[in-house]
Amino acid sequence: MPITETAGAVERPRFVSGSLLRHVCVMAGTGAIGLIAVFAVDLINLFYISLLGEKETAAAVGFAGVVGFFHASLCIGLTIGIAAVVSRTVGAGRAADARRIATSSLVLMAAVSVVAGSGTAFFLHPALHALGAEGETARLAQRYLAVTVHTLPLLGLGMACSALLRSVGDARRSMTVTLAGAFVTAVLDPILIFGFGLGLDGAAISAVVSRMVLAAIGLHGVMVKHRMLGRFEAAQLAGDARALASVAGPAVLTNLATPVGAAFVTHAIAQFGPSAVAGAATIDRLSPVAFGLVYALSGAVGPILAQNLGAGQYRRVQEGLRDSLLFMVASVAVAWLVLALGQGVLIRAFSAEGQAAELIALFCTWLAASFFFSGGLFVANASFNNLGHPLLSTFFNWGRATLGTIPFAWWGSHHGAAGVLIGQAVGSSIFGLLAVVVAFRLAAKLARQEPSMKAPAPVLDAPVAPTSAHGDAAALATPQPVAVTGPAASAAAP
């Protein structure tokens, strides 16, 4: 749905009418395919590396994955801010402002990812040592990261474009962006790793090419298909940055909490040897692929809630949260069943033996159930970020990564590598449940407001978005009437 204006009217935002459950299913389903594609890149790399039969190499990919997780979490946090601000601006009927903010968001994403990606190269050795990587494993992980960290801007731009496409409801094209990157990896990995005998270096080169494709297709969709980018206005950049940072800042902090917790868990498991690290690495890469629908909810639910908030339809916001949780429960149940039944195939596919095989079996049989609560946290975070309370998202994620991970994983480490994972699952489940309770209370409070154009705007922790020089900044937080003319009226519901 291009952001276009005709005769003073704008196209009606897609999510303010029609079945909310249908919107959730479509956005999460297509978003999951794209998100699974992103994480499938790492899973595919690990799969081919595992075929080499070298535990040190597989463990190196695990350690490198923790560093890459920090980078990906940074980009995801920024995209949450981009999707939330642009979606609310579209929902409020301000197409010109949405274009300008979209342009500013790509400029800011590029700048931040350059600093974060290339800056990491100077600290690879101490970072890997702190995670517990030693000897040949540390050397291989550093060699892999020395190639991939400098291409973080490509990954960031591709993910930002995918978020912009989601913000206007183009779930299919958003999915295509990330799906193309995974396809490139699936094709190049066996050619470079085995065909040219490059091993881990081949996996690194494949990742770089994949990110190039990701960025190119994303920019094409945003610039050519939807014409979402306006003229870059340097004078407005500071204001746009503040609006994006009001959501993206807490979202980045929120998302960085997860790799912090993962880093502690990796360090705790490292003491049990390369086989345990390889098993944990397999679980870390398998989880987002198996539970792709759940992971996708964070990005999929955001635009739905944000557009209805911008349009002043507060009861639909509450209903959207409820339908998202129902969708999550069904998704986790199916994924858990598939993992439990297929664990033997997975263990053989990744050539897992000893502790690695034991950890994978434990996850598939029992620990996968913790995603009922982790999924609840993802949905709750989406509601916090898009309903003007991003600090709550930061609080719950850091609570899970610290109080919900460190003491539980430390206690579990006294009972072996399996105990570390069990402790992590128990702690994260507690915080997931608490987050869902708070999210429902906030949505219920919002729904009690009178759904009329005279109702006061909800109180937000952060502004919705700055307007152009001719607009009123408060107008974006206040529901605006949306004129629907011509074919747009009949096409409002997908």
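Residues numbered from 1 in each chain as written. Predicted model: local features only at pLDDT ≥ 70, side-chain atom pairs only at ≥ 80, totals over all residues. Heavy atoms only, no water.

**Examining the overall build of the protein chain**
No. 1: When helices and strands are tallied, the protein chain shows 18 helices and 2 strands.
No. 2: Taking all 494 residues of the protein chain together, the buried fraction comes to 58%.
No. 3: Restricting to contacts in the protein chain with at least 6 residues of sequence separation, those with at least 24 account for 83%.
No. 4: Element-wise, carbon and sulfur atoms account for 69% of the exposed surface of the protein chain, whose accessible area totals about 19,000 Å². (Helix = DSSP H or I, 4+ residues; strand = E, 2+ residues; numbered from the N terminus. Buried < 20%, exposed > 50% of the residue type's maximum accessible area, 1.4 Å probe, protein only. Contact = heavy atoms within 4.5 Å. Areas by Shrake-Rupley, 256 points an atom, 1.4 Å probe, with all protein chains shown as cover.)

**What about unusual backbone geometry?**
No. 1: Its identity as a non-glycine residue notwithstanding, Arg 227 has a phi of 50°, on the positive side.
No. 2: Inspection of the secondary structure puts Arg 227 in the loop between α8 (200-225) and α9 (234-270).
No. 3: The exposure class assigned to Arg 227 is partly exposed, which follows from its relative accessible area of 47%.

**Points about the packing of helix α13 (residues 355-365) against helix α17 (residues 417-447)**
No. 1: The N-to-C vectors of α13 and α17 enclose an angle of 25°; their axes lie 10 Å apart at closest approach. With respect to α17, the axis of α13 lies roughly parallel. Remark: the crossing between α13 and α17 carries right-handed chirality. Where α13 approaches α17, its residues Gln 355, Leu 359 and Leu 362 are matched on the opposing element by Ala 417, Ala 418, Leu 421 and Ile 422.
No. 2: A breakdown of the residues in the contact of α13 with α17 according to their chemical character gives 6 nonpolar, 1 polar and no charged. (Axes fitted to C-alpha atoms, helices over the stretch in contact; angles between N-to-C directions. Parallel < 35°, antiparallel > 145°, perpendicular 65-115°, else oblique. Left-handed = near helix turned anticlockwise from the far one by under 90°. Nonpolar A, V, L, I, M, F, W, Y, C, P; charged D, E, K, R; others polar.)

**Here we look at a nonpolar patch on the surface**
No. 1: A contiguous nonpolar surface patch, about 570 Å² in accessible area, is contributed by Phe 183, Val 187, Ile 191, Phe 196, Leu 198 and Ile 205.
No. 2: Counting residues per element, the nonpolar patch draws most heavily on helix α7 (residues 171-195), at 3 residues.
No. 3: With respect to the secondary-structure elements, Phe 183 resides in helix α7.
No. 4: With relative accessibility at 57%, the residue Phe 183 sits in the exposed group. (Patch = residues over 30% accessible without salt bridge, like charges linked within 9 Å, V, L, I, M, F, W, Y side chains within 5 Å. Salt bridge = Lys/Arg side-chain N within 4 Å of Asp/Glu carboxyl O.)

**Notes on the packing of helix α10 (residues 274-290) against α13**
No. 1: Contact geometry for α10 and α13: axes closest at 7 Å, N-to-C directions at 30°. For the pair α10 and α13, the sense of crossing is right-handed. Judged by residue contacts, Ser 275, Ala 276, Gly 279, Ala 280, Thr 282, Ile 283 and Ser 287 of α10 engage Gln 355, Ala 356, Leu 359, Ile 360 and Phe 363 from α13.
No. 2: A breakdown of the residues in the contact of α10 with α13 according to their chemical character gives 7 nonpolar, 5 polar and no charged.

**Describing the pattern of salt bridges**
No. 1: In total, this model carries 7 salt bridges according to the counting rule given.
No. 2: A salt bridge links Asp 323 to Arg 322, with the nearest nitrogen and oxygen atoms 3.1 Å apart.

**Considerations on helix α4 (residues 124-131)**
Residues separated by three or four positions in an α-helix point in the same direction, a consequence of the helix having 3.6 residues per turn.
No. 1: Buried within α4 are the following residues: Leu 124, Leu 128 and Leu 131. Down the axis of α4, the smallest arc covering the buried residues is 55°, so these residues share one side.
No. 2: Along its buried surface, α4 packs onto α2 (55-91), α3 (95-120), α5 (135-148) and α9.
No. 3: Just downstream of α4, Gly 132 is the residue with a positive phi angle, here 105°. (Arc of directions from axis to C-beta.)

**With respect to the nonpolar core**
Most often, soluble globular proteins have nonpolar side chains that are buried together.
No. 1: One finds Phe 291 and Phe 363 to be the most contacted residues of the largest nonpolar core, which totals 96 residues.
No. 2: The biggest single contributor to this core is helix α12 (residues 314-349), with 11 residues.
No. 3: Not counting chain neighbours up to four residues away, the residues in contact with Phe 291 comprise Val 332, Ala 335, Trp 336, Leu 339, Phe 363, Ala 368 and Phe 371.
No. 4: Core analysis: the next-biggest nonpolar cluster, separate from the first, contains 32 residues, Cys 75, Ala 160, Cys 161 and Ala 248 among them. (Core = buried A, V, L, I, M, F, W, Y, C linked by side-chain atoms within 4.5 Å.)

**Section: the packing of aromatic side chains**
No. 1: Across all of its chains, the model carries 9 aromatic pairs by this definition.
No. 2: Taking 5.0 Å as the distance between ring centres and 45° as the angle between the ring planes, the aromatic pair formed by Tyr 295 and Phe 378 counts as tilted. One end of the pair, Tyr 295, is in helix α11 (residues 292-310); the other, Phe 378, is in helix α14 (residues 371-386), and 83 residues separate them in sequence.
No. 3: The class for Tyr 295 is partly exposed, based on a relative accessible area of 25%.
No. 4: Under the relative-accessibility criterion, Phe 378 is labelled buried at 12%. (Phe/Tyr/Trp six-rings, centres within 6.5 Å; stacked < 30°, edge-to-face > 60°.)

Read these as spatial facts, not as claims about activity.
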